[in-house]
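# Architecture and fold: a report
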Amino acid sequence: MKPLRTLAAGKLKGKLAIAVMSSKGGVGKSVVSALLANVMSARVKTLLLDLDVHTMASAKLFGLEGRVHQVSKRGLEPFPFGDKLGVITLSGVVKDRWVLLPGANQALTMESLLAYSDMEGWDAVIFDLPPGLGDEVLVLGRVSDYLPLVVTSPSKVSVKVVEYLLKFLSETGKRPVLTVNMAYYQCQGQVVRPFGDGRALKELTERYGVPMVELPIDPELEEFVGRIQEYDGPVLEGVREITRMLER
Amino acid sequence: MHEWSIADAVIRTVEQWAEGRGRVKRIVIGVPSISFLDTDILTQAFDELKVGTSLRDANLQVKIKEQTFTCQLCGRRFTLKDVEDQVGEVRSEFGEEYPLHLIPTLSPSFIKCPSCGSRDVMVDNQDVTVEEVIMDETS
Ligand SMILES: Nc1ncnc2c1ncn2[C@@H]1O[C@H](COP(=O)(O)OP(=O)(O)O)[C@@H](O)[C@H]1O
Ligand SMILES: [Mg+2]
């Protein structure tokens, strides 16, 4: 019997669960998770659950550093942004302090965070995961039937390793959506692709039958770190496209 | 306050397990000593949340499980008593809802080996467990 796992699974039952995953780090999972949560919250009550317990990037993106979650009878109260967007992060438990854990503790910590989160009344939960295929993917798989949103950068290394993830996901019967972040930028009306034409990626998505959305590089994004919920630039346009893909 | 969540977790878990097996009389759970859970709140939460469930006649018994820490670097084995001061510091920094109360598995991030100072520490007995479910044989 696993009480915390049962509680986490029970809380997630019937909710739309989206796992933002990647094979490599630094490709934009946390940014995409945050923007996706914001876009989705226009329609449904959306909770962003930061499962990257080492980076806790959502706390930095939303300007939550040093703040701690209130704990009520229903668990950890999400940090609210308006009444339809909420964020839960381990940073709100450890108060923006580093976390270093042996593997088994990492999985149990994630399970606790899931179990103790107050998800009552939230329709959708977006999980911002750490990179790669680690414990967190297994932990999440035990408690939810998540929809994977795989993020990659267009660099050759990322593209090569993203195939691992697509293979794993298709083996488990999941139908991922692929996001190529930082695929291009607009310069004086021209589309520039600094990492090449993305042909290898197109081939990959065709091979696995995975829908793909490209997101641009936006240097302005950096200015919204700490208040990402206010960002309304070109990357957000692409993220709206992602929500349409996820709905299909 | 997350004692309520733990009670909720125990009820959901035992309800699932006991379905079709009869009436549950008593549930024994194990909670890690390092989390300093309030057992009164825990049983009170259980008694309130069990109303209207199949466990309405069950009682909760809470067993405190002691942890053994093993340093992976120098091999030292130690107990909570040996790191009381460290735990005390965390408690005074964070107050009531301090991290190890909420998520005891975070302990390697907050506790170091009292001999060599390493953070590479393994801990046992650190999660909430259902130790025993006693059925009502008369029903
Ligand atoms: N489309 C983009 N345009 C500009 N900067 C971006 C974009 N996507 C991500 N970044 C930046 O790249 C860095 C890594 O992004 P992050 O979301 O933290 O990656 P991950 O979560 O995959 O490790 C961050 O500093 C972020 O602001
Ligand atoms: Mg991240």
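The model shown is predicted, which means the values in this text are computed figures rather than measured ones. Residue indices follow the written sequence of each chain, beginning from 1 at its first position. As a convention, the first chain written is A and the first ligand written is 1, with the rest following in written order. Local features in a predicted model are, by the rule used here, given only for residues with pLDDT of at least 70; side-chain atom pairs are given and counted only at 80 or more, and totals for whole chains, interfaces and linings are based on all residues. Side-chain measures were taken over the full set of non-hydrogen atoms in the model, leaving aside hydrogen atoms and water.

## Notes on unusual backbone geometry
Residue and element names in this part refer to chain A. Here is the rule we go by: Comment: elements are numbered from the N terminus, with helices defined as DSSP H or I runs of at least four residues and strands as E runs of at least two. A 1.4 Å probe rolled over the protein chains alone gives each residue an accessible area, and that area as a share of the maximum for its type sets the label: buried under 20%, exposed over 50%, partly exposed in between.
For Asp96, which is not glycine, the phi torsion reads 55° and is therefore positive. Note that Asp96 resides in the loop between α4 (91-94) and α5 (103-116). You can call Asp96 partly exposed: its relative accessible area is 34%.

## A few points about the domain arrangement of chain B
Residues and elements named next belong to chain B. The condition that has to hold: Domain delimitation in this document rests on an assignment produced automatically or drawn from a domain database. Residue contacts follow a heavy-atom distance rule, with two residues in contact if any of their heavy atoms lie within 4.5 Å. As used here, buried area is the combined drop in accessible area, with a 1.4 Å probe, of two parts when they are placed together.
Examined at the domain level, chain B breaks down into domain 1 (1-66 + 125-139) and domain 2 (68-123). Taking only C-alpha atoms, the centre of domain 1 and the centre of domain 2 are 27 Å apart. Contacts between the two partners involve 11 residues from domain 1 and, on the opposite side, 15 residues from domain 2. Of the roughly 1100 Å² buried between domain 1 and domain 2 on both sides combined, carbon and sulfur atoms contribute 58%. When the area that domain 1 buries against domain 2 is broken down by residue, the three leading residues are Ile34, Phe36 and Gln126, summing to 56%.

## A short note on the site of ligand 1
Residue and element names in this part refer to chain A. As a reminder of what qualifies: The near set for a molecule or strand comprises every residue that places at least one heavy atom within 4 Å of it. Here the nonpolar group is Ala, Val, Leu, Ile, Met, Phe, Trp, Tyr, Cys and Pro; Asp, Glu, Lys and Arg are the charged ones; every other residue, Gly included, is treated as polar.
Taken together, 15 residues lie near ligand 1, and Gly26, Lys29, Ser30, Asn181 and Pro216 sit nearest. Secondary structure elements with two or more residues in the shell around ligand 1: α2 (29-40) and β9 (177-187). Taken together, the residues of the shell around ligand 1 sort by class into 7 nonpolar, 5 polar and 3 charged.

## Concerning the side chain of Ser5(B)
Looking at the element boundaries, Ser5(B) is found in helix α1 (residues 3-18). Setting aside anything within four residues of it in sequence, one finds Ser5(B) in contact with Leu7(A), Lys73(A), Arg74(A), Gly75(A) and Tyr116(A).

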